[in-house]
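# Structural characterization, general
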Amino acid sequence: MTTLNEPLRLSNGSVLPNRIAKAAMEELLAVPGQLPGDALLTLYRRLAAGGAGLLITGHVMIDRRAVAQPGDVVLEHDTPLEPFRRWAEAGQSAGGQIWMQINHPGRVIPKDLTRTTWAPSEVPIDVGGLSGMYPTPRPMTTQDIEETVERFAVTARRAREAGFDGVEIHAAHGYLLSQFLSPLVNRRDDRWGGDLPNRARLLLDVVSAVRERAGRGLAVGVKLNSADFQRGGFDTDDARDVIKMLADAGVDLVELSGGSIESLATAGAPADGRTLAREAYFLTLAEQLLAASPLPLLLTGGIRRRVVAQQVIDSGVAVAGMATALAIDPTLPRQWLAGHEAQATLPRTRIRNKTLAAAALQAVTSRRLARLGRGKSSKTPYSPAAALLLERLVRARRRRSYLKWHTPA
Ligand SMILES: Cc1cc2nc3c(=O)[nH]c(=O)nc-3n(C[C@H](O)[C@H](O)[C@H](O)COP(=O)(O)O)c2cc1C
């Protein structure tokens with residue numbers, strides 16, 4: 001039986017010291033210039049000390065024109081690298097690995113940060129009454145697509161130069177690469193749309209470009225939805241086929257997640273009340289993918305107790321990933337590896353609107369990350385509704401800083 005303490009050798013030759021990963025959480029802590037600053041360093045030193053064998057950063061944007069939130073970090077060809085070197089060192093300070101998650105949000109950019117967005121096709125986001133927050137995207141040209149592949153490769157190469165052990169390409173949760181994979185959002189009839197090999201072409205081109213530019217030494221992971229949970233959307237059969245394509249392309253690890261902004265099965269935001277109540281809520285889907293998967297899998301979603309993390313590993317998943325629980329208690333991995341049963345208790349909210357409830361619970365987690373980054377305890381005095389309000393206020397300040405640095409064309 002594989003235990004949580006067992007190291008994992010990846011195909012690039014590097015070794016994760018144990019089977020627990022901190023999954024990506026958009027930290028919203030960038031300092032002016034969209035750079036990592038002291039708060040991110042403190043946060044990652046504390047997460048590293050917490051004992052997870054792998055820390056995956058919150059998504060880092062590959063293009064300054066396209067940030068999901070104004071507090072996001074951006075890494076481009078001419079970004080100063082020193083702050084990123086310090087970030088990598090903080091993440092490695094206790095002997096584990098740190099991977100940078102790299103992302104392009106595609107159509108998921110709020111209107112107040114951009115004048116235009118692009119996506120595979122002109123399909124606007126449907127989040128009910130909040131849909132107006134996002135511009136209708138324009139379809140990407142071949143040139144846009146090629147430029148995007150190049151940007152992913154440049155960001156990965158620079159992450160490697162800064163000392164990161166790996167990158168995780170974000171192809172889940174309804175961002176650009178996941179938009180291409182989705183038959184609902186991708187209505188193209190050229191080589192980038194239509195059947196699954198065409199819809200997966202952008203992701204595979206990104207993987208090859210990253211591999212070519214950054215070399216074998218860099219671990220390459222991909223975060224993929226086990227399903228989008230939308231009728232007619234990217235489903236588990238598609239995920240199984242894409243994992244095989246990723247194995248052929250030389251990926252080291254696939255992280256399975258699920259849902260998107262239109263179908264909130266993740267980010268602490270259950271599609272229905274029962275999803276969050278279940279622990280390791282993508283395990284059933286993962287089990288369907290495990291037998292056929294030639295790659296080690298990392299499973300994230302709902303893990304907050306040691307027995308559940310062990311159950312995930314027992315099912316054949318290589319690494320158990322956690323986001324929310326580690327913002328509550330970053331020391332959980334260390335305690336679990338020592339055999340203690342510590343667990344995290346998630347906050348609840350009475351907010352009825354699902355999108356707002358999800359945003360409020362996520363805001364509580366963001367407040368915790370900010371507190372950890374200031375060297376404080378993760379305990380926040382705010383209710384989810386108050387945390388959401390506070391996040392909106394802090395966001396207004398960050399938005400001014402972002403727009404001062406980058407003026408939308
Ligand atoms: C505050 C917050 C920020 C997140 N940011 C990201 C992100 O940048 N990239 C990503 O792939 N997932 C992100 N997620 C999703 C998590 O990685 C994870 O898939 C999800 O929260 C489910 O795992 P959990 O139940 O352990 O929290 C975020 C989640 C939270 C709560």
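Residues numbered from 1 in each chain as written. Predicted model: local features only at pLDDT ≥ 70, side-chain atom pairs only at ≥ 80, totals over all residues. Heavy atoms only, no water.

Attention shifts here to the pairing of strand S13 (residues 319–322). A two-sided burial pattern is seen for S13, the buried positions comprising Val319 and Gly321 on one face and Ala320 and Met322 on the other. The sheet contact formed by strand S3 (residues 20–22) and S13 spans three bridges and is parallel. Residue pairing across strands places lysine 22 opposite methionine 322, the latter belonging to S13. Sheet analysis places strand S12 (residues 297–300) next to S13, joined by three bridges and oriented parallel. (Buried < 20%, exposed > 50% of the residue type's maximum accessible area, 1.4 Å probe, protein only. Helix = DSSP H or I, 4+ residues; strand = E, 2+ residues; numbered from the N terminus. Pairing = 2+ DSSP bridges.)

Quick look at the site of the ligand now. As a structural note, the neighbourhood of the ligand is formed by 23 residues, with Ala24, Glu26, Gln101, Gly302 and Thr324 the closest of them. Between a nitrogen atom of the ligand and a side-chain N or O atom of glutamine 101, the distance comes to 2.7 Å. Lysine 223 places a polar side-chain atom, nitrogen or oxygen, 2.9 Å from an oxygen atom of the ligand. Taking 610 Å² as the accessible area of the ligand by itself, protein coverage stands at 96%. (Near = heavy atom within 4 Å. Polar contact = N/O pair within 3.5 Å; in protein donor to acceptor, adjacent residues only side chain to side chain. Areas by Shrake-Rupley, 256 points an atom, 1.4 Å probe, with all protein chains shown as cover.)

So, about the nonpolar core. For soluble globular proteins, nonpolar side chains are generally found buried alongside one another. Counting 100 residues, the largest nonpolar core has Phe84, Trp87, Ile169, Leu203 and Leu246 as the members making the most contacts within it. With eight residues, helix H6 (residues 201–214) is the largest single contributor of residues to this core. The contact partners of leucine 246, leaving out residues within four places of it in the chain, are Leu203, Leu204, Val207, Val222, Val251, Val254 and Leu295. (Core = buried A, V, L, I, M, F, W, Y, C linked by side-chain atoms within 4.5 Å. Contact = heavy atoms within 4.5 Å.)

Tracing the sequence through the fold places glycine 339 in the loop between helix H12 (332–337) and helix H13 (354–373). Sequence separation between glycine 339 and isoleucine 303 is 36 residues; the distance between their C-alpha atoms is 16 Å.

Quick look at H13 now. The end-to-end C-alpha distance of H13 is 29 Å, a good match for the 28 Å that 20 residues give at a rise of 1.5 Å each. Counting buried residues along H13, 15 of its 20 residues qualify, which places the element largely inside the surrounding structure. In this structure asparagine 353 caps H13, since a side-chain oxygen of it lies 2.9 Å from the backbone nitrogen of threonine 355. The positive-phi residue at the C-terminal boundary of H13 is glycine 375, with phi of around 85°. (Expected span 1.5 Å × (residues − 1).)

Before going further, it helps to spend a moment on unusual backbone geometry. We note that histidine 173 has phi near 60°; this positive angle belongs to a residue other than glycine. Along the chain, histidine 173 turns up in the loop between strand S9 (166–171) and helix H4 (176–181). Given the relative accessible area of 15%, histidine 173 is considered buried. The backbone phi angle of alanine 280 is positive, close to 40°, even though this residue is not glycine. Structurally, alanine 280 can be placed in the loop between helix H8 (273–277) and helix H9 (283–290). What makes alanine 280 buried here is its relative accessible area of 6%.

Turning our attention to the packing of helix H1 (residues 38–49) against H13. Packing of H1 against H13 brings their axes to within 7 Å, and their N-to-C directions diverge by 95°. As the angle between them shows, H1 and H13 are arranged roughly perpendicular. From H1, Asp38, Ala39, Thr42, Leu43 and Arg46 reach across to H13, where they touch Leu369, Arg371, Leu372 and Gly373. In terms of residue class, the contact of H1 with H13 is made up of four nonpolar, two polar and three charged. (Axes fitted to C-alpha atoms, helices over the stretch in contact; angles between N-to-C directions. Parallel < 35°, antiparallel > 145°, perpendicular 65-115°, else oblique. Nonpolar A, V, L, I, M, F, W, Y, C, P; charged D, E, K, R; others polar.)

As a further point, take the pattern of salt bridges. For the structure shown, the criterion picks out 22 salt bridges. Here arginine 151 ties to glutamate 76 by a salt bridge, and the two come within 3.0 Å at their closest N and O atoms. Remark: glutamate 76 occurs in the loop between strand S5 (60–61) and helix H2 (82–92) and arginine 151 occurs in helix H3 (residues 142–162); sequence separation between them is 75 residues. Glutamate 255 is paired through a salt bridge with lysine 223; the nearest N and O atoms lie 3.4 Å apart. Of this pair, glutamate 255 sits in strand S11 (residues 253–257) while lysine 223 sits in strand S10 (residues 219–225), and the two are 32 residues apart along the sequence. (Salt bridge = Lys/Arg side-chain N within 4 Å of Asp/Glu carboxyl O.)

For the coordinates displayed, the defined rule picks out six aromatic pairs. Arranged with centres 4.7 Å apart and planes meeting at 75°, the rings of tyrosine 281 and phenylalanine 282 form a pair that is edge-to-face. The same class applies to tyrosine 281 and to phenylalanine 282, which are both buried. Taken together, the aromatic side chains of Tyr44, Phe84, Trp87 and Phe164 make up a single cluster linked through ring pairs. Stacked on the ring of tryptophan 192, the Lys or Arg arginine 191 has its end atom at 5.1 Å from the ring centre. (Phe/Tyr/Trp six-rings, centres within 6.5 Å; stacked < 30°, edge-to-face > 60°. Lys NZ or Arg CZ within 6 Å of the ring centre and 35° of its normal.)

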